[in-house]
Amino acid sequence: MGQVAAHEADAEEAHEERGKVTITEIARQAGVSVPTVSRVVNGRSDVAPGTRARVEDLLRRHGYRKRASAAGTRAALLDLVFNDLDSPWAVEIIRGVEEVAHAAGVGTVVSAIHGRSGDAREWMQNLRARASDGVILVTSVLEPVLHEELRILGVPIVVVDPAGSPALDAPTIGAANWSGGMAATEHLLSLGHRRIGLVAGPPRLLCSRARLDGYRAALEGAGIAVDESLIVPGDFYHESGFTGCNTLLDLPEPPTAIFAASDQMALGAIEALRRRGLRVPEDMSVVGFDDLPEVRWSAPPLTTVRQPLAEMGKLAVRTVLRLARDEQPDSPRVELGTELVVRASTAPPRKTG
């Protein structure tokens, strides 16, 4: 596994007798990474049987001997990296990661880089120091130079909910954001709404663009021209939902329903409506996206699109552990399904006249 094995490998090569084969040469001949050879040498179980047999055969042929180390064997450790942690959305992913990691006897270090290069570089330094065995990046954007450093380290990497086209040659795990956006909009259309506002997510994020595209596709499929004035920007947080809803309400012809591209923005929109004396869903229907635990208890309970956040975290751990065993995932790109959850925040539009 990644850096733990890399650190052990450094120590092993330093203890080899002059003229003997190095662990790096064993890795080259076996066609595997140095960390994999180090795991075999240290008797760790997380190596595929065929790979282990191939490496052990080379070790025997070359007469490789490892000197005993007083440090002992380190416990396995994963790094889980977010842009920010100030959201229940992040908590759900952490919950899934921790469940599978704990069952596998793997520790987890959670970090936030806040979209700042300085924080990302500090995290990279800490990654080297603590000898992490794998990295799970969640909607995190790293500078190209840090991508290169990760490649050099040889630490297995999985990207959850990629911000854009992945710059790293790493497996990605996401949700069906396009079909989720389409399902939310089609639900409102089925209730009779024709003017549907959208509080969109950050355009730099792939998931935001996919939800917007799903919204557009549903309207176009119903023969309704997309009114760009009904699409307002947001950032997935409550305040932008509040502001976006007020912008939509101030239009000469406001919408009768709002699709907010995150649950937090939907809750912000509901608060904006409440402050204007408008009722949900009697005066305005609202749909969110995420299905965070709190929205079941909002007033009214929120209709939303469930994305399987905890399941995404669980699959990320299973995938990075497979990579650490030099096994390839079943697919380099996984998109888990989303599901419309209908509660009490949507209804047919109020009849006028």
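You'll find the chain entered in an unreviewed UniProt entry as LacI family DNA-binding transcriptional regulator, with Streptomyces cynarae given as the organism.

K.L.:
How should helix H6 (residues 117–130) be read in this particular structure?
P.N.:
An α-helical turn contains 3.6 residues, so a residue and the one three or four places further along point in the same direction. For H6, with 14 residues, the first-to-last C-alpha span of 20 Å sits near the 20 Å given by 1.5 Å per residue. Immediately downstream of H6, the backbone of Ala131 shows phi near 55 degrees, a positive value.

K.L.:
What is the right way to look at unusual backbone geometry in this model?
P.N.:
Glycine aside, a negative phi is what most residues show, and trans is what most peptide bonds show. Here the bond from Val280 into Pro281 is cis, since omega is 10 degrees, no more than 30 degrees from zero. Structurally, Pro281 can be placed in the loop between helix H11 (263–275) and strand S9 (285–290). Cis rather than trans, the peptide bond between Ala299 and Pro300 has omega equal to 0 degrees. Here Pro300 is to be found in the loop between S9 and strand S10 (303–306).

K.L.:
What exactly am I supposed to notice about the sheet that holds strand S7 (residues 231–232) here?
P.N.:
Strand-to-strand pairing in sheets goes through backbone hydrogen bonds, with the strands running parallel or antiparallel. Pairing is mixed across the open sheet formed by 6 strands, whose spatial order is S7-S6-S8-S9-S10-S12. The two strands at the open ends of the sheet, each matched to only one other strand, are S7 and strand S12 (339–341). Pairing between strand S8 (residues 257–260) and S9: 3 bridges, direction parallel. By the bridge assignment for S9, Ile258 is matched with Val286.

K.L.:
Just checking my understanding: could you explain the packing of aromatic side chains for this structure?
P.N.:
Remark: the centre distance and the inter-plane angle together describe each pair of aromatic rings, the angle taken between the planes. Overall, the coordinates contain 0 aromatic pairs when judged by the stated rule. Here the guanidinium or amino end of Arg211 rests over the ring plane of Phe289, the centre of that ring lying 3.8 Å away.

K.L.:
How should I be thinking about the sheet that holds strand S11 (residues 333–336) in this particular structure?
P.N.:
In spatial order, the strands read S2-S1-S3-S4-S5-S11; together these 6 strands make up an open sheet with parallel pairing. Of all the strands in the sheet, just strand S2 (107–112) and S11 have a single pairing partner and so form its edges. Averaged over all neighbouring strand pairs, the angle between strand axes comes to 20 degrees, with direction disregarded. Note that strand S3 (residues 134–138) and strand S4 (residues 157–160) share 4 bridges and pair parallel. Each residue of the ladder has a partner; that of Val138, found in S4, is Val160.

K.L.:
Just to check I follow, could you spell out the side chain of Ser262 for this structure?
P.N.:
You can see Ser262 is positioned in the loop between S8 and H11. Engagement of the side chain of Ser262 in a polar contact is seen with the backbone oxygen of Phe236, the distance being 3.0 Å. Excluding its chain neighbours within four sequence positions, the residues that come into contact with Ser262 are Phe236, Gly288, Phe289 and Asp290.

Definitions and cut-offs
Residues numbered from 1 in each chain as written. Predicted model: local features only at pLDDT ≥ 70, side-chain atom pairs only at ≥ 80, totals over all residues. Heavy atoms only, no water. Helix = DSSP H or I, 4+ residues; strand = E, 2+ residues; numbered from the N terminus. Expected span 1.5 Å × (residues − 1). Pairing = 2+ DSSP bridges. Phe/Tyr/Trp six-rings, centres within 6.5 Å; stacked < 30°, edge-to-face > 60°. Lys NZ or Arg CZ within 6 Å of the ring centre and 35° of its normal. Axes fitted to C-alpha atoms, helices over the stretch in contact; angles between N-to-C directions. Polar contact = N/O pair within 3.5 Å; in protein donor to acceptor, adjacent residues only side chain to side chain. Contact = heavy atoms within 4.5 Å.

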